[in-house]
Amino acid sequence: MEYQDNDYKYFMQDTGSLYFGARYSYQEIMQDVNANFKFKSVIEHYIAKDTDMSTTLESHLYYMTPEQFSYRTYEQLKAKVKISVLEEKKSLFGKTKTGYRTKVVHLNELAGWNLARKKKMGIVIQELIISKLALMTFSV
């Protein structure tokens, strides 16, 4: 079971974005020497105001609402979320098959869906994506 959690605990970056695996807790990010220092500062000064540090990104993003201070912080960081959505697909032989489709949505879209809709859609949070430019211009 432990190896499965570690599959979604990662940091990656490209020229425009930072990617954080959704199974990381905020505490684990703060303790990781490889995590982006400015993002750690944002967590410490803004996200921690209304979020327990033991909370995983997965849980926090899933239950986030537009009323939360952390939502407004992520909105300033131009956050996107990589999710998997449960879908029914028809095969060539007319049989219905259920599977997941992965897509990237803006945080405001995800936070705008109520909990019942998220459960009905079978949403699984995979990754937090933050704009490097937005992070660079964010004042800490």
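Bear in mind that the values here come from a model prediction, so they are computed numbers and not experimental data. Chains are numbered independently. Their residues run from 1 in the order of the written sequence. Reporting of local features is limited, given that this is a predicted model, to residues whose pLDDT is at least 70; pairs of side-chain atoms are given and counted only at 80 or more, and all residues count toward the totals for whole chains, interfaces and linings. Neither water nor hydrogens contribute to the side-chain values; these are computed over all heavy atoms in the structure.

Draft legend 1. Focus on the pattern of salt bridges. Salt bridges, as used here, are contacts in which a Lys or Arg side-chain nitrogen is within 4 Å of a carboxyl oxygen on Asp or Glu. Under the defined criterion, the tally for this structure stands at three salt bridges. Its salt-bridge partner being Glu58, residue Arg23 comes within 3.1 Å of it at the nearest N-O pair. Remark: Glu58 occurs in helix 4 (residues 57-63) and Arg23 occurs in the loop between strand 2 (17-21) and helix 2 (26-31); sequence separation between them is 35 residues. Only DSSP runs of H or I reaching four residues or more are called helices, and only runs of E reaching two or more are called strands; each is numbered from the N terminus.

Draft legend 2. Molecular detail of helix 5 (residues 69-76). Exposure is judged per residue with a 1.4 Å probe applied to protein chains only, and the accessible area is read against the type maximum: over 50% gives exposed, under 20% gives buried, and values in between give partly exposed. The set of residues buried in helix 5 consists of Ser70, Tyr71, Thr73 and Tyr74. Buried residues in helix 5, looked at end-on, bunch into an arc of 160°, giving them a common side. Working rule for contacts: check all heavy atoms of both residues, and any pair within 4.5 Å makes them a contact. Buried residues along helix 5 sit in contact with helix 2, helix 3 (37-45), helix 4, helix 6 (107-112) and strand 5 (124-131). Remark: Lys78 follows helix 5 within two positions and exhibits a positive phi of approximately 55°. By construction, the arc corresponds to the directions joining the helix axis to the C-beta atoms.

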